Amino acid sequence: DAGITQSPRYKITETGRQVTLMCHQTWSHSYMFWYRQDLGHGLRLIYYSAAADITDKGEVPDGYVVSRSKTENFPLTLESATRSQTSVYFCASSETGGGDGYTFGSGTRLTVV
Amino acid sequence: GQNIDQPTEMTATEGAIVQINCTYQTSGFNGLFWYQQHAGEAPTFLSYNVLDGLEEKGRFSSFLSRSKGYSYLLLKELQMKDSASYLCAVRVPSANQAGTALIFGKGTTLSVSS
């Protein structure tokens, strides 16, 4: 299917476990982004990427790792999950990073117990 | 640092006009975006302003004043389906080659009643 897809949609994990959230887009967009959304904080940027093998930290990168070996994939890994990482995670992509806007995936709701 | 402010909540009635304000102070500016987000769903793109002035798109308009660090989203002929969160976001440059990224305000929850 064309578009941007995130998996899984829902995930429950235990404190201290490593967990990877997947993001895949079919448009060959250069730019990809990871956000988390929490009540009272809105959307906060975790990491972003302008192309394969080019990434940068956003506002809240601690505890997260990203990679981008292929243009279409941008996985987000929580190295050792903590309860404070319970959130809804959104992946987004953009062709130009500019006025075309970002297209968001449907989100992954992660609960760390 | 990055600071983007917008009201937390607003209410309005069907058929009315509502204006949602956004002020920003960011390290760099490459454009301002407005997104709509219904509860439990992903944000969807509404508008983009990079130059001063008004951009109109159907019932929605967005205004930008770069010198004042100010934008607003104007929604006309409100409908019940416009009940959602409206997110103001500023595109800021990256320190390295990763391009630019959107930094979001906390969003304004709009409730439209009949």
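Look a little higher up for the structure.
Predicted model only: the values in this text are computed from it and were never measured.

(A) Main features of the environment of Asn3 of chain B. Residues and elements named next belong to chain B. Topologically, Asn3 is positioned in strand S1 (residues 3–5). Expressed as a C-alpha distance, the spacing of Asn3 and Gln25, which sit 22 residues apart in the sequence, is 5.1 Å. Apart from the residues lying within four places of it in its own chain, the contact partners of Asn3 are Thr23, Tyr24, Gln25 and Thr26. A polar atom in the side chain of Asn3 sits 3.2 Å from the side chain of Asp5.

(B) Structural view of the sheet that holds strand S1 (residues 4–7) of chain A. All names here are of chain A. As summarised here, the arrangement of the 4 strands in space is S1-S3-S8-S7, forming an open sheet in which the pairing is antiparallel. Looking at strand neighbours, the two that pair on one side only are S1 and strand S7 (64–66), the edges of this open sheet. For this sheet the average axis-to-axis angle between neighbouring strands, irrespective of direction, equals 15 degrees. Inspection of the sheet shows S1 paired to strand S3 (residues 19–25) by 4 bridges, in the antiparallel sense. When the sheet's bridge partners are listed, Thr5 is paired in S3 with His24.

(C) Structural detail: the interface of chain B and chain A. Between chain B and chain A, the residue contacts involve 23 residues of the former and 27 residues of the latter. Of the roughly 1800 Å² buried at the junction of chain B and chain A (both faces included), carbon and sulfur atoms supply 59%. Our count for the chain B to chain A interface comes out at 0 salt bridges. Inspection of the chain B/chain A interface yields 5 residue pairs in polar contact (both at pLDDT 80 or more). Counting residues per element, the ones that place at least two in the side of chain B that touches chain A are strand S4 (32–37), strand S5 (44–49), strand S9 (84–93) and strand S10 (100–104) of chain B. If you tally residues by element for the side of chain B that touches chain A, the top one is S10 of chain B, at 5 residues. Here the side of chain B that touches chain A is built from residues that sort into 13 nonpolar, 7 polar and 3 charged.

The rules we used
- Residues numbered from 1 in each chain as written.
- Chains lettered and ligands numbered in written order.
- Predicted model: local features only at pLDDT ≥ 70, side-chain atom pairs only at ≥ 80, totals over all residues.
- Heavy atoms only, no water.
- Helix = DSSP H or I, 4+ residues; strand = E, 2+ residues; numbered from the N terminus.
- Contact = heavy atoms within 4.5 Å.
- Polar contact = N/O pair within 3.5 Å; in protein donor to acceptor, adjacent residues only side chain to side chain.
- Pairing = 2+ DSSP bridges.
- Axes fitted to C-alpha atoms, helices over the stretch in contact; angles between N-to-C directions.
- Buried area = accessible area lost by both parts, 1.4 Å probe.
- Salt bridge = Lys/Arg side-chain N within 4 Å of Asp/Glu carboxyl O.
- Nonpolar A, V, L, I, M, F, W, Y, C, P; charged D, E, K, R; others polar.

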